[in-house]
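Commentary on secondary and tertiary structure
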Amino acid sequence: MNIKEIVKDIFYVGVNDRVKHRFEALWQLPYGVSYNSYIVAGNEKLALIDTVCIEEVRQYFNNIGSIASDRTIDYLVVNHMEPDHSASIPEIVMAYPDIRIVGNSKTIEMIKGFYHIDGPDRYLEVKDGDSIDLGGRTLRFYLTPMVHWPETMMTHVEDARVLFSGDAFGTFGALNGAVIDRDMETDVHISEMYRYYSCIVGKYGRFVEKAIQKLAALPLSYICPTHGPVWNEKITEVVELVARLAAYKSEPGVVIVYGSMYGNTAEVAEMIAREIAALGIKRIIMHNASHSDMSCMITDAFRYSTLIVGSATYSMRLFPEVESFMNAMETREIKNKVFATFSNFTWAAGAVTGKLKEYAERMKLPVSASLLVKQSAGASTPVEVKEFALQVVEAMKTMEEA
Ligand code: FEO
């Protein structure tokens, strides 16, 4: 049982999931994931903060029971309604029939829609800044919409300096025994935070920035997210990491994503990488879009300053895996990048170049360099690649100096 008292009368009662292959049926989970839930025990009332995925509900009830014992749960605070946190709400309501569900107007509408739970006095609707007194412990609620759903909010326990942050500052990776960052090695969780943010929250950077600004003045010793470790020692590090990603601030580096059917586009990708390396760039990451996991490509594109996308021509369109990647980039409103393209064609010159240009225009990404190769690399290609690499590296330097 993964139980931990974080500070006096505030307990972790979450669960691990080492079974699911893909989070949201999309994103691989090589290290599993945790669904975090917490109990805040006042002298008079007990509050449960968020719930867990339905598959782990049995373990969840064991965890709750070991803390609550024969006390009832008076409140269920729902900071976020995505079903990985809300799916156990009906079970909680069945187990604690008098429980009051605490949420904002959007939360309550979603619970009724997802789970058809109603009844007099079932809900306690809160607005920004409202609070609940548990007897010696006060929960205060801050609305932080679109981090990353419309109803998202956070709950602060001022005297304990604890913030329940929902998905914000969350990360993939199950909890291997310890719960608080100071009691574990967090290398994997910090690394997975890039992937979690880029894939799950990525599109909503401006709302994340607003939330960080809004909560900046709160006294904080612990951030308790709904996934991953409870942050204590590393609060500054993780808040800065998320703030950087939310502002689309990049680290120097080149990411080359390409799609190739018979190796001709891949050969050009290798030539580009060699020329860029020869110009002194050390961090170069290459992804064959047919081979790499989508979540890793998205993460690297988020993290590093320069994105080069190459595609074979496939029935006048982008190679399908590259098109999926570009759709993911556009969905996440990727910006502040050096962007360059290369394409390969057999008879439809310019079809793919045009498609990549359309993405760039919609995303407001200037194209720093573009290269077109017919059928396979020929006599002129090395010179063209050298010029392409020079243009890319020049654009990187300009961006770094800006
Ligand atoms: Fe972990 Fe947005 O749910």
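Presented here is a report on the structure given in the accompanying data block. It should be emphasised that the depicted structure is a prediction, and the values quoted were computed from it without experimental measurement.

1. Points about empty space enclosed by the protein
Counted according to the given criterion, the structure contains three cavities of 30 Å³ or more. When its volume is computed, the largest cavity comes out at roughly 70 Å³. Here the lining of the largest cavity takes four residues from helix 5 (residues 187-201), the largest share from any one element. Partitioning the lining of the largest cavity into residue classes produces nine nonpolar, one polar and one charged.

2. Thoughts on the sheet that holds strand 7 (residues 38-41)
With mixed pairing, seven strands are arranged side by side in an open sheet as 1-2-7-8-9-10-11. Strand pairing shows two members of the sheet lacking a second neighbour, strand 1 (4-7) and strand 11 (123-125), which therefore form its edges. Looking at each pair of strands side by side, their axes are set apart by 25° on average, direction ignored. Bridge count for strand 2 (residues 10-12) against strand 7 is three bridges, and the pairing is antiparallel. In the sheet register, I10 faces strand 7, and the bridge partner there is V40. The strands touched by helix 1 (residues 57-68) are strand 2, strand 7 and strand 8 (46-49); relative to strand 8, the strand with the most contacts, the crossing angle is about 155°. Relative to the sheet, helix 4 (residues 105-115) contacts strand 10 (100-103) and strand 11, its axis offset from that of strand 11 by approximately 150°.

3. A closer look at the sheet that holds strand 14 (residues 153-157)
With mixed pairing, five strands are arranged side by side in an open sheet as 12-13-14-15-16. For this open sheet the edge positions go to strand 12 (131-133) and strand 16 (222-225), each flanked by a neighbour on one side alone. Taking the axes of each pair of neighbouring strands and ignoring which way they run, one obtains an average angle of 20° across the sheet. Relative to strand 13 (residues 138-143), strand 12 runs antiparallel, the two sharing three bridges. When the bridges of strand 13 are listed, I132 appears paired with L139. Across the sheet, helix 6 (residues 205-215) is in contact with strand 13, strand 14 and strand 15 (162-166); its angle to strand 13 comes to roughly 145°.

4. Topic: the pairing of strand 7
Residue alternation in strand 7 divides its side chains into two sets, Y38 and V40 and I39 and A41, and both sets are buried. Note: strand 7 against strand 8, four bridges, orientation antiparallel. Within strand 8, the residue paired with I39 across the bridge is L48. In this structure, the hairpin formed by strand 7 and strand 8 is closed by a connection of four residues.

5. Re the state of the cysteines
Counted by the stated rule, this structure contains zero disulfides. Cysteine C199 remains unbridged, with the sulfur of C296 as its closest cysteine sulfur at 7.9 Å. Its relative accessible area of 4% is what places C199 among the buried residues. Its relative accessible area of 26% is what places C296 among the partly exposed residues.

6. Details of the packing of helix 8 (residues 264-278) against helix 12 (residues 381-401)
Axis separation between helix 8 and helix 12 bottoms out at 9 Å; the angle between their running directions is 55°. Here helix 12 runs oblique to helix 8, going by the angle between their axes. Between helix 8 and helix 12 the crossing geometry is right-handed. Of helix 12, the residues touching helix 8 (which contributes M271, I272, E275 and I276) are T381, P382, V385, K386, F388, A389, V392 and V393. Considered class by class, the residues forming the contact of helix 8 with helix 12 number nine nonpolar, one polar and two charged.

7. Here's the deal with the nonpolar core
Core analysis: the largest hydrophobic core is formed by 89 residues, its most contacted members being I64 and M326. For this core, the leading source of residues is helix 5, giving eight residues. When residues of this core are sorted by domain, at least three fall in each of domain 1 (5-246) and domain 2 (251-396). With residues near it in sequence (within four places) discarded, I64 still touches V13, I39, L48, S69, I73, I92 and Y96. Counting residues in hydrophobic clusters, the runner-up holds 29 residues, among them Y12, I49, Y75 and Y222.

8. Re helix 7 (residues 235-246)
Given a rise of 1.5 Å per residue, twelve residues ought to cover 16 Å, and the 16 Å separating the end C-alpha atoms of helix 7 matches this to within 8%. Along helix 7, the positions that sit buried rather than exposed are I235, V238, L241, V242, L245 and A246. For helix 7, the angular spread of buried residues about the axis comes to 140°, placing them on one side. Taken together, the buried residues of helix 7 touch helix 5, helix 6, strand 16 and helix 9 (294-303). Following helix 7 by one or two positions, Y248 has its phi on the positive side, about 55°.

9. As for the layout of surface pockets
One number sums up the size of the largest pocket: a volume of about 290 Å³. Lining the largest pocket are 16 residues; nearest its centre among them are M261, A312, T313, N344 and T346. Elements that contribute at least two residues to the lining of the largest pocket include exactly helix 8, strand 19 (304-314) and strand 21 (338-345). Counting residues per element, the lining of the largest pocket draws most heavily on strand 19, at three residues. A volume near 210 Å³ is recorded for the second largest pocket. Around the second largest pocket sit 15 residues that line it, and I212, L215, A216, L220 and V239 are the ones nearest its centre. Those elements giving two or more residues to the lining of the second largest pocket turn out to be helix 6 and helix 7. Broken down by element, the lining of the second largest pocket gets its largest block of residues, four residues, from helix 6. The residue makeup of the lining of the second largest pocket, split by class, is 15 nonpolar, no polar and no charged.

Cut-offs applied
- Here the residue index of a chain counts from 1 through its sequence in written order.
- A pLDDT threshold of at least 70 governs which residues receive local features in this predicted model, and a stricter bar of 80 or more applies before side-chain atom pairs are shown or counted, although totals over entire chains, interfaces and linings include all residues.
- To obtain the side-chain values, all non-hydrogen atoms of the structure were used and water was disregarded.
- Both cavities and pockets are sets of points on a 1 Å grid over the protein atoms alone; in a cavity a 1.4 Å probe fits but cannot get out, in a pocket the set is open with protein on both sides within 12 Å along at least five of seven lines, and lining residues sit with an atom within 4 Å of a point.
- Grid points are joined across faces, edges and corners, and a volume is the space filled by probe spheres set on the points.
- A run of H or I in DSSP counts as a helix once it spans at least four residues, and a run of E counts as a strand once it spans at least two, with each numbered from the N terminus.
- Charged means Asp, Glu, Lys or Arg here, nonpolar means Ala, Val, Leu, Ile, Met, Phe, Trp, Tyr, Cys or Pro, and polar covers whatever is left, Gly included.
- For two strands to be treated as a pair, DSSP must find no fewer than two bridges joining them.
- To define axes, lines are fitted to C-alpha atoms, for helices over the stretch in contact only, and angles between the resulting N-to-C directions are given on a 0 to 180 degree scale.
- Contact criterion: two residues are considered in contact whenever any of their non-hydrogen atoms come within 4.5 Å of each other.
- Throughout this description, buried means an accessible area under 20% of the type-specific maximum (1.4 Å probe, protein chains only), exposed means over 50%, and partly exposed covers the range between.
- The disulfide criterion used throughout: a pair of cysteine sulfur atoms within 2.5 Å.
- Each angle receives one of four descriptions, namely roughly parallel if under 35 degrees, roughly antiparallel if over 145, roughly perpendicular if within 65 to 115, and oblique otherwise.
- Each crossing is labelled by how the near helix is turned from the far one, with a counterclockwise turn of less than a right angle marking it left-handed and a clockwise turn marking it right-handed.
- Only buried Ala, Val, Leu, Ile, Met, Phe, Trp, Tyr and Cys residues count toward a nonpolar core, and they belong to the same one when joined by side-chain atoms within 4.5 Å.
- For the domains described, the bounds stem from an automatic or database domain assignment.
- What a helix should span is 1.5 Å times the count of its residues minus one.
- As used here, the arc is the angular range of directions from the helix axis to the C-beta atoms.

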